[in-house]
Structure formats: structure tokens, C-alpha cells
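Here are the chains, one letter per residue:
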Amino acid sequence: MNINDKHSLREVGNLNTTAKLEKRRRWDQKRKEAVVGWLFLAPEAIGIITLAIFPILFSLILSFTNWNLIGGFQEMKWVGLDNFQRMIGDSKFWKALENNILFTAVTVPVGLLIAMLMAVLVHTKVYAKDLFKILFFIPYICSTVAIAAVWAALYHPSSGPINQFLMAIGIDQPPKWLVDSEYAIVAIMVIAIWQALGYQIIIFLAGLTQISDDIYEAARIDGASGIQQFRYITVPMLAPTTLFLTITTIIGSFKVFDLIKFLTDGGPNDASTVLVYRIYEEGFVNFNMGYASALSWILFLLVIAVTSVTWVVQAREKRG
């Protein structure tokens, strides 16, 4: 082997060594970046595992047990599907489910329709839009307990402003609202729609700003009326926004609790009891955490089913 060959081999070896060192340096840098990234994510990951994933899995286990909260873990007994079978004969469960379905069926479409119409009015007919946005949004960010206290005074059977007005226009026996089994859930629906209205209006206004004015101008030139523009332009163009609000409002309607707890406590005669209140009643009044966990999983599956159906229907309408 001549000197040139030895020199070439030495250069190749040096190049290989340099490449290995460079590769190791890059790998070490990537590993350091990965470690730093995981350190930043660790608090959030620990929080999610501790406050979300673990309670969900633990509630699933509890749903197959009979456990009195006061008795401690030693009182926990495995009962299999007994908690789910118990629901079949639980009249309070079926009443709560009926009330929840009625609450959702009324508050979701009525609330969204009112919010869309008011958003269009604010967007097209009202000056000082920012002021109206703030005024509409205030009930959404206020304490639910404070709102419930105000509405409790408004709904007072004898001295409340609502019944005072009804008696002034000739209705001698106005509803007793929160203490009337026929009107209690209706009274709660009105408050829920009113409270969520500001949030929904803000979201619809954000969707309206994405619709070009040129489209409306072309429709006006073609002779389309305001109602036709709303039906054939505004409503279809707001479909993604409406889908988002529909899903979030459905989920919220199945989670209603604080208004009912403060105003009616599920009464009178379970007329305003809903699923979340029934879960609270079993878990923290009767201390039957096993049955309460089973009820919570039924609620979870019901919400998943309803939102999935809504998603599928909207997708089919979009394709059609």
C-alpha cells in the first residue's frame, strides 16, 4: 500500500469519526430538547391524570360496586351489573331522564334560534355593537347562584314582578312557577335560555363577520328580501357555527344542576329533577356512590349518543 492510499484511508476515517461525533451531538441536543419539553408538559399531564383520567376510571369501577361513602373502602362490595339493572325499576331515574330530554329539546333549539335572530339584528341594525355585546354577555359570566337569587324574586308567586304583571293584565290565578309541579321545569328552562343567550350571540356574531357583504349585495340586486337572505344565505353560511353551538349546548343542557339545586331542589314532587341532580342525590345525600357512578356513566353514554347523532345529521345535510 503506497503513501497516497494510507492518506486516503486516514481521511476517510477522520470523516467517519467526524460524522459520528456530529450525529451524537445532534442526538444529544434532540434528547435535551425532548427532556425539556416533557418537563414543561409534566405538570399538565399529572393534573390530567390525577383530576380527569383517574376519577373517570375509578367511577367506572364504582359503577359495578355497592359502596356507602361513609363506610370507607372496606364497605365496598362488588355487585356486577346490579346498579344498571336497578335503573329499570327506578321511577326517579326515568322521571329525571324525561325531564332532561324535555329540557334539552326545548332549550337547545329555542335558545339557538333566539340567539341567531338577535345576532343578525345586532350585526345589521344596531349601532354601538360592542356595548350590546357586553350587555348580552354579562349574564353568562355572572355567578349562577346570584342569577338564581334574582330570578327567585322575579318568580315569587304573590309579590314577584312577573305575576304582578300577569295579574295587572287580567290573569287572576297566574302560575306559581317554582313551587308548581307543572311550571317548575318551564321556569328553569327560561332562566337557562336567558343565561346562555349572551355567549351564543357572541359566537354567532363571530360567524356573521366571516360572511362577505358582497354575497348579500348580490342577493339584494337579484331582488331577494331580508327573509330570503336570512334563509338562503345566513342560515347555510352559519351551519358550522350552529353545529358547534348545538353540540356544546346539548352537553350543557345535560349538565344543568346549580339552577335546579338553588331554586327547586329537584321539586316539587321531582318535577324538576334531572340526571345530574339525581346523581348528586344518590351520591351525596344517600351516599350510594356505586349507583351514582352507574347513573353518571349512563349520562355520559347518553350525551355521546345525542351529540353523535347531531354530528351525523349535520354531516349528511352538508353533503346533501
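Figured I'd write up the structure that's included with this text. All values derive from a computational prediction rather than experimental measurement. (Residues numbered from 1 in each chain as written. Predicted model: local features only at pLDDT ≥ 70, side-chain atom pairs only at ≥ 80, totals over all residues. Heavy atoms only, no water.)

### Some details on the packing of aromatic side chains
Here is step 1: One pass over the full model with this rule turns up 16 aromatic pairs.
Here is step 2: Plain terms: the ring middles of F93 and W94 are 5.1 Å apart, the flat faces sit at 65 degrees to each other, and that makes the pair edge-to-face.
Here is step 3: In this arrangement the basic side chain of R86 is found over the ring face of Y291, its NZ or CZ atom lying 3.8 Å from the centre. (Phe/Tyr/Trp six-rings, centres within 6.5 Å; stacked < 30°, edge-to-face > 60°. Lys NZ or Arg CZ within 6 Å of the ring centre and 35° of its normal.)

### Some points on the nonpolar core
Here is step 1: Of all hydrophobic cores here, the largest spans 33 residues; its most connected members are F93, F204, L208 and L299.
Here is step 2: Of all elements in the fold, only α3 (91-125), α7 (184-208), α8 (213-221), α10 (239-254), α12 (275-285) and α13 (289-319) reach the threshold of two or more residues within this core.
Here is step 3: Per element, the largest residue contribution to this core is 10 residues, and it comes from α3.
Here is step 4: In terms of nonpolar packing, the next biggest core, distinct from the first, is built from 20 residues, L178, I185, A187 and V274 among them. (Core = buried A, V, L, I, M, F, W, Y, C linked by side-chain atoms within 4.5 Å. Buried < 20%, exposed > 50% of the residue type's maximum accessible area, 1.4 Å probe, protein only. Helix = DSSP H or I, 4+ residues; strand = E, 2+ residues; numbered from the N terminus.)

### Concerning the side chain of T242
Here is step 1: Residue position: T242 is located in helix α10.
Here is step 2: If sequence neighbours within four positions are ignored, T242 has contacts with M116 and F204. (Contact = heavy atoms within 4.5 Å.)

### Brief notes about the packing of α8 against helix α9 (residues 226-237)
Here is step 1: Where α8 meets α9, the axes come as close as 11 Å, and the angle between the chain directions of the two elements is 160 degrees. Classified by the angle between their axes, α8 and α9 sit roughly antiparallel to one another. The crossing of α8 and α9 is right-handed. Between α8 and α9, the contacting residues are I215, Y216, A219 and R220 on the first element and Q229, I233, T234 and M237 on the second.
Here is step 2: Here the contact of α8 with α9 is composed, by residue class, of five nonpolar, two polar and one charged. (Axes fitted to C-alpha atoms, helices over the stretch in contact; angles between N-to-C directions. Parallel < 35°, antiparallel > 145°, perpendicular 65-115°, else oblique. Left-handed = near helix turned anticlockwise from the far one by under 90°. Nonpolar A, V, L, I, M, F, W, Y, C, P; charged D, E, K, R; others polar.)

### What to know about the environment of I247
Here is step 1: Note on placement: I247 falls in helix α10.
Here is step 2: Sequence separation between I247 and T310 is 63 residues; the distance between their C-alpha atoms is 7.3 Å.
Here is step 3: Discounting residues that sit within four places of it in the chain, I247 has contacts with T307 and W311.

### Re the packing of α3 against α12
Here is step 1: The geometry of α3 relative to α12 is characterised by a closest axis approach of 8 Å and an angle of 150 degrees between their N-to-C directions. When the interaxial angle is binned, α3 and α12 end up roughly antiparallel. Judged by residue contacts, K92, F93, A96, L97 and N100 of α3 engage L275, R278 and E281 from α12.
Here is step 2: Along the lines of polarity and charge, the residues of the contact of α3 with α12 split into four nonpolar, one polar and three charged.

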